[in-house]
Protein chains: 2
Amino acid sequence: MRCITIEKKIPKYIQLKETLLGLIESGAIRPGDQMPSENEIADRFDMSRQTVRQTLGLLEQEGRLYRLQGKGTFVSEQSPAAKTHEVQTVGILTTYISDYIFPHIVRGAESAVREKGYRLMLSSTDNDKAREREALEMMLSEPLSGLIIEPTRSAEGNPNVSLYLSLSYQNIPFIMINQRYPEITCPYLMVDDEDGGFQAADHLLSLGHQRIAGFFKTDDLQGVNRLKGFIKAHQERSCPLSPDMVIHYKTDEKWTRPYEIAMQLLASGSARPTAFVCYNDELAVHLLEAARQSGLSVPDDLSIIGFDDSSLATATEVKLTTLSHPKMQMGVDAAQILIDMIEGRSPASAEFCKLYKPELIVRNSTKKL
Amino acid sequence: MRCITIEKKIPKYIQLKETLLGLIESGAIRPGDQMPSENEIADRFDMSRQTVRQTLGLLEQEGRLYRLQGKGTFVSEQSPAAKTHEVQTVGILTTYISDYIFPHIVRGAESAVREKGYRLMLSSTDNDKAREREALEMMLSEPLSGLIIEPTRSAEGNPNVSLYLSLSYQNIPFIMINQRYPEITCPYLMVDDEDGGFQAADHLLSLGHQRIAGFFKTDDLQGVNRLKGFIKAHQERSCPLSPDMVIHYKTDEKWTRPYEIAMQLLASGSARPTAFVCYNDELAVHLLEAARQSGLSVPDDLSIIGFDDSSLATATEVKLTTLSHPKMQMGVDAAQILIDMIEGRSPASAEFCKLYKPELIVRNSTKKL
DNA sequence: TGGCCCAACATGTACATACAAGCTCAGTGA
DNA sequence: TCACTGAGCTTGTATGTACATGTTGGGCCA
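What counts as what
Residues numbered from 1 in each chain as written. Chains lettered and ligands numbered in written order. Predicted model: local features only at pLDDT ≥ 70, side-chain atom pairs only at ≥ 80, totals over all residues. Heavy atoms only, no water. Near = heavy atom within 4 Å. Polar contact = N/O pair within 3.5 Å; in protein donor to acceptor, adjacent residues only side chain to side chain. Helix = DSSP H or I, 4+ residues; strand = E, 2+ residues; numbered from the N terminus. Nonpolar A, V, L, I, M, F, W, Y, C, P; charged D, E, K, R; others polar. Least-squares fit on C-alpha atoms with pLDDT ≥ 70 in both. Contact = heavy atoms within 4.5 Å. Buried < 20%, exposed > 50% of the residue type's maximum accessible area, 1.4 Å probe, protein only. Buried area = accessible area lost by both parts, 1.4 Å probe. Salt bridge = Lys/Arg side-chain N within 4 Å of Asp/Glu carboxyl O. Pairing = 2+ DSSP bridges. 1 Å grid on protein atoms, 1.4 Å probe; cavity = no way out; pocket = protein on both sides within 12 Å on 5 of 7 lines; lining within 4 Å. Points joined across faces, edges and corners; volume = space filled by probe spheres on them.

Visitor: Looking at this structure, I do not really get the protein's contact with DNA strand C. What am I missing?
Guide: Taken together, 25 residues lie near DNA strand C, and R49 of chain A together with K12, Y13, Q50 and T51 of chain B sit nearest. The sugar-phosphate share of atoms of DNA strand C within 4 Å of the protein amounts to 71%. Between a phosphate oxygen of DNA strand C and a main-chain N or O atom of E38 of chain A, the distance comes to 2.9 Å. Contact distances for DNA strand C include 3.2 Å between a base nitrogen and a side-chain N or O atom of Q69 of chain B. Elements with a contribution of two residues or more to the surface near DNA strand C: α4 (49-61), β1 (65-68) and β2 (72-75) of chain A together with α2 (12-26) and α4 (49-61) of chain B. The element that contributes the greatest number of residues to the surface near DNA strand C is α4 of chain B, accounting for 4 residues. Residue classes in the surface near DNA strand C are distributed as 4 nonpolar, 12 polar and 9 charged.

Visitor: What is the right way to look at the protein's contact with DNA strand D in this model?
Guide: Near DNA strand D lie 24 residues; those nearest to it are K12, Y13, T51 and Q69 of chain A together with R49 of chain B. Within 4 Å of the protein, atoms of DNA strand D come from sugar and phosphate in 68% of cases. T51 of chain A is positioned with one of its side-chain polar atoms (N or O) 2.8 Å from a phosphate oxygen of DNA strand D. S37 of chain B is positioned such that a nitrogen or oxygen atom in its side chain is 2.9 Å from a phosphate oxygen of DNA strand D. Elements with a minimum of two residues in the surface near DNA strand D: α2 (12-26) and α4 of chain A together with α4, β1 (65-68) and β2 (72-75) of chain B.

Visitor: Would you mind showing me how to read the relation of the copies chain A and chain B here?
Guide: Both copies of the chain are tied together by a single rotation about an axis and a shift running along it. Placing chain A over chain B gives an RMSD of 2.0 Å and needs a rotation angle of 179 degrees, together with 1.3 Å of translation along the axis. The superposition of one copy onto the other is thereby described by a two-fold rotation axis. Measuring from the rotation axis to each C-alpha of chain A, the shortest distance belongs to M121 of chain A, at 1.1 Å. In this assembly the copies share their binding face: 100% of the residues contributing to the interface of chain A also contribute to that of chain B.

Visitor: Before we go on, may I ask you to explain unusual backbone geometry in this structure?
Guide: Most peptide bonds adopt trans geometry, and most residues besides glycine take a negative phi value. Residue P299 of chain A is bonded to the preceding V298 of chain A through a cis peptide linkage, with omega at 10 degrees. Residue position: P299 of chain A is located in the loop between α12 (281-293) and β11 (303-305). A positive phi angle, near 50 degrees, is found at D309 of chain A, a position not held by glycine. Mapping D309 of chain A onto the fold places it in the loop between β11 and α13 (312-315). Residue N178 of chain B is not a glycine yet carries a positive backbone phi of 70 degrees. Along the chain, N178 of chain B falls in the loop between β6 (174-177) and β7 (188-191). Residue N178 of chain B is classed as buried on the basis of its relative accessible area, which comes to 2%.

Visitor: I'm lost on the interface of chain A and chain B in this one. Help?
Guide: Interface size is commonly expressed as the accessible surface area that is lost when the partners come together. Taken together, the contact between chain A and chain B spans 37 residues of the former and 37 residues of the latter. Around 3400 Å² of area is buried between chain A and chain B when both sides are counted, 54% of it from carbon and sulfur atoms. On the chain A side of the interface with chain B, the three residues burying the most area are R114, R119 and M138 of chain A, jointly 20% of the side's total. Summed over the shared surface of chain A and chain B, the result is 7 salt bridges. E317 of chain B is the salt-bridge partner of R292 of chain A, the closest N and O atoms lying 3.8 Å from each other. For the interface between chain A and chain B, the tally reads 12 residue pairs in polar contact (both at pLDDT 80 or more). Among the secondary structure elements, those contributing two or more residues to the side of chain A that touches chain B are α6 (102-115), β4 (119-124), α7 (129-139), α12 and α13 of chain A. In terms of residue class, the side of chain A that touches chain B is built from 14 nonpolar, 10 polar and 13 charged. In the sheet, β4 of chain A pairs with strand β4 (residues 118-124) of chain B via 3 bridges, with the strands oriented antiparallel. Pairing of L122 of chain A across the sheet is with L120 of chain B, part of β4 of chain B.

Visitor: Before we go on, may I ask you to explain the layout of surface pockets in this structure?
Guide: Gaps between atoms show up when a probe of the same size as a water molecule is rolled over them. There is about 1600 Å³ of room inside the largest pocket. Taken together, 41 residues line the largest pocket, and the ones lying closest to its centre are R53, Q54 and G57 of chain A together with Q54 and G57 of chain B. If you list the elements that add at least two residues to the lining of the largest pocket, you get α4, β1 and β2 of chain A together with α3 (38-44), α4, β1 and β2 of chain B. Per element, the largest residue contribution to the lining of the largest pocket is 8 residues, and it comes from α4 of chain B. Taken together, the residues that form the lining of the largest pocket break down as 10 nonpolar, 20 polar and 11 charged. Taken as a whole, the second largest pocket holds about 1100 Å³ of empty space. Elements with a minimum of two residues in the lining of the second largest pocket: α6, α12 and α13 of chain A together with α6 (102-115), α12 (281-293) and α13 (312-315) of chain B. Among the elements that line the lining of the second largest pocket, the one with the most residues is α12 of chain A, at 6 residues. Taken together, the residues that form the lining of the second largest pocket break down as 15 nonpolar, 12 polar and 14 charged.

Written out as structure tokens, the structure reads:
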């Protein structure tokens, strides 16, 4: 009884809409065909012309019909096609596009996204919070199906939290790579930087090095974590670590400060470090130059270890020992997990997390003491 | 008289719509405010409630109003903002994203595009014609305001010409970078590769080298043009060029063929070349290794010259002499010219063309014989 | 035969009425 | 005091009528 009452609550004009759509979908009325006139429909379905008009208005608004005054009402051409494979868009927001390992991440994401039939919207923040906001707002000006985000300057708080929260509110899935804002709960992928830092230091310690200088960029969490692992390795091996053997620098100092300090350290006689752990290969190559300038040979006088296994690591004459991680794969994985979330296939909770263990690649820049 | 008749032809519900919009725009009714009820409006403007409903339906459809049954009709929040600076999108289609100099081009384009308030859609072809088509079709599934295209494998014809022609037909401006399809007339930006090849060879010839081997990737026009300049320099200097001093290779052979041939050439005794001109820095670094393997020192026994002035050029111990060109600037210029075209500011005809003259950067990998 | 006009029919505009359904709030009753 | 009810407002659904406007085609007239 109740059921029937509820059934009956469906308005007539909606019922008519479904009926007409059925006729169109079934092919009884084909694209381009003229519909029966309003009066005819009204008679046939035993309703007033006004109600028919209301239905037709809806269908016209949805693009399924078009009406020509004086001529009649007609079925639109392409509607189902346009509706079924409408292409969706995924956004990726990175700090830098051109530098170093980022292109590989972007490339991985792009190829995975393209393969799944999505488009990729790209934006970068240049590691600037204001630009992060700008880019996010611009990307979201048209509906996005999902976002891959590489957080900007994550060690220094996050004025754009509200924007990220509004993403959740709008039900737009997103995933973070490389780093993560602690305030935001979302799936993320990152290299196990602490483990990498640990492996680097541990490798050198196991080779008998006692005075190891570590150069870390500390305005992002990656550098902080690598440093953490670096310290941990010293603790586990019970090797004392002098504070002046830990060199912090910021992104904009990368071509100045580490080099200068390296030169000082290398000139410091008997207390001179016998090994450098570098934040990444770029810096390692740079400090390799510092060693040359100081008249020291690598690895005989100084061991150097990099991070990322970039193309720079093997471009040098002394091939760099470094920590390798799947740069492009992270982009691919991020895209795939995100698309799983978009398409509702994912069991990946908000807590989902994938850590990539770096692999130590021993080449010729490190040597037993 | 006629005029008045025409005035009177404007339907009441349209008039009411304009009136209400006026009230909203003027601030008399503010976003979030409740509108007068349908009956009230009907009374005030002396029309039936049905007609008022028609107007409100239109405005609701346009997103200016929303209606809540039982509560009333309200003015939407953000409509004017969303309407006035609706964000447009520009696409960029490159062969590779992560390799080498492409990230710089993409970055330049991204930053210029973002600055102008556009969004950037990114896709790559992996130098594959089928994927080029796929990517183009996908990007165009939603309207794009313009496209930056780096042609795919341009030395081998172009099965996708029709797609590009349809761009013109749809009035979507586009611009090509790095290379150009000869069948398509459009503005383009490129490095003057022929001049670069010429400068490289000329530099070595002027240093007294007589036997110079040139390694060129010839499945794209860039390599072909660099080779052209390489040959031209020999002609102008009246220096004979033996055919086996010109090595062609294809993209997928880049890690094999040139290296092998270089090793052969370097082992060929008295006829051994005294200098290498390389398609790019990547290859130059690779052939630097071949020289080391052959026990030859650079630049004393062998001069090597690269192309692109990439980060690899200074990562090596022997800093590479190379040809520099504004990688990122090309992306910036492409974006700016394209946006000028989109916004109709451009006097740039379809024939517009900008050639970047490469600049020879002399470092330590070349030496007077 | 050719041009014109008008009837017939299509959708568009406008108004009237009636009742259904959802929200608010004041007043009632336990 | 608190919960319920119902009056009175809102928008939503449904139908009726009337006339305007645009399209087509057949029939009339020159």
